[in-house]
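Structural overview
Letter by letter, the chains look like this.
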Amino acid sequence: MQEQPQLHSSIVAMVSLASGIASNHPAMGQCQLQRLRDIGVPEHQIDAVIEIARHIRDEAVEKLDTAFDEQSAQAKTAVIAESEESCGCTPTASGQSCC
């Protein structure tokens with residue numbers, strides 16, 4: 001098996017920082033942030049990593065919230081339909097409920 005070179009420590013720290021932020025890890029990559037600064041990674045690169053990670057995190061939360069809201073609305077509609085069906089009530093000709 002051929003020996004592959006290891007990732008540079010700055011790349012590992014950036015990936016770790018980004019994943020910590022994107023996953024809402026409690027430490028939020030603070031150790032990696034300091035490591036990046038200590039090895040001289042420019043602040044604009046660190047800022048870019050943080051911005052991308054936050055965007056991914058926020059986008060994921062938004063999509064989860066949307067999916068939850070859609071499922072909640074569907075469940076509510078199903079419950080209403082079941083309750084109308086269960087009482088055996090049909091609407092009047094003008095659409096009024098008799099239940």
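To start, this report covers the structure provided alongside it.

What counts and what doesn't
- Residues numbered from 1 in each chain as written.
- Predicted model: local features only at pLDDT ≥ 70, side-chain atom pairs only at ≥ 80, totals over all residues.
- Heavy atoms only, no water.
- Helix = DSSP H or I, 4+ residues; strand = E, 2+ residues; numbered from the N terminus.
- Buried < 20%, exposed > 50% of the residue type's maximum accessible area, 1.4 Å probe, protein only.
- Polar contact = N/O pair within 3.5 Å; in protein donor to acceptor, adjacent residues only side chain to side chain.
- Contact = heavy atoms within 4.5 Å.
- Expected span 1.5 Å × (residues − 1).
- Arc of directions from axis to C-beta.
- Core = buried A, V, L, I, M, F, W, Y, C linked by side-chain atoms within 4.5 Å.
- Salt bridge = Lys/Arg side-chain N within 4 Å of Asp/Glu carboxyl O.
- Patch = residues over 30% accessible without salt bridge, like charges linked within 9 Å, V, L, I, M, F, W, Y side chains within 5 Å.
- Areas by Shrake-Rupley, 256 points an atom, 1.4 Å probe, with all protein chains shown as cover.
- Lys, Arg positive; Asp, Glu negative; His and termini not counted.
- Charge placed at Lys NZ, Arg CZ, Asp CG, Glu CD.
- Axes fitted to C-alpha atoms, helices over the stretch in contact; angles between N-to-C directions.
- Parallel < 35°, antiparallel > 145°, perpendicular 65-115°, else oblique.
- Left-handed = near helix turned anticlockwise from the far one by under 90°.
- Nonpolar A, V, L, I, M, F, W, Y, C, P; charged D, E, K, R; others polar.

Attention now goes to the side chain of S10. Relative to the helices and strands, S10 is located in helix α1 (residues 9-22). Overall, S10 belongs to the buried group, its relative accessible area being 14%. Separated by 2.8 Å, the side chains of S10 and H8 make a polar contact. In contact with S10, not counting residues within four places along its chain, are L36, I39 and V41.

All right, on to α1 then. The end-to-end C-alpha distance of α1, which contains 14 residues, comes to 20 Å, matching closely the 20 Å that a straight helix rising 1.5 Å per residue would cover. Within the sequence span of α1, burial applies to S10, A13, L17, G20 and I21. All buried residues of α1 lie within an arc of 95° about the axis, which places them on one face of the element. Phi for N24, located one or two positions after α1, is positive at around 60°.

A13, L17, I21, L33, L36, V41, I46, V49, I50 and A53 together form the largest nonpolar core, which totals ten residues. Per element, the largest residue contribution to this core is four residues, and it comes from helix α3 (residues 43-86). In contact with L17, not counting residues within four places along its chain, are M28, G29, Q32, L33, L36, I46, V49 and I50.

Applying the stated criterion across every chain, the model contains two salt bridges. R37 is the salt-bridge partner of E43, the closest N and O atoms lying 2.7 Å from each other. Taking the relative accessible area as the measure of exposure, R37 reaches 38% and is therefore partly exposed.

A few words on helix α2 (residues 30-38). Think of an α-helix as turning once every 3.6 residues; residues three or four places apart then point the same way. Within α2, the full set of buried residues consists of Q32, L33 and L36. Buried residues along α2 cover an arc of 105° about the axis, so they all sit on one side. With its phi angle positive at about 85°, G40 sits one or two positions after the end of α2.

Moving on to a negative patch on the surface. On the surface, a cluster of negative charge is contributed by E59, E62, D65, D69 and E70. If you trace the backbone, E59 turns up in helix α3.

Turning our eyes to something else, we now look at the packing of α1 against α2. The relative placement of two packed helices is expressed as an angle between their axes plus a distance between the axes. Put simply, α1 and α2 touch, their axes get as near as 9 Å, and they point 150° apart. Taken together, the axes of α1 and α2 are roughly antiparallel relative to one another. Here α1 runs over α2; the crossing is left-handed. Taking contact as the criterion, the partners of S10, A13, M14, S16 and L17 in α1 are, on α2, Q32, L33, R35 and L36. Its residues assigned to classes, the contact of α1 with α2 comprises five nonpolar, three polar and one charged.

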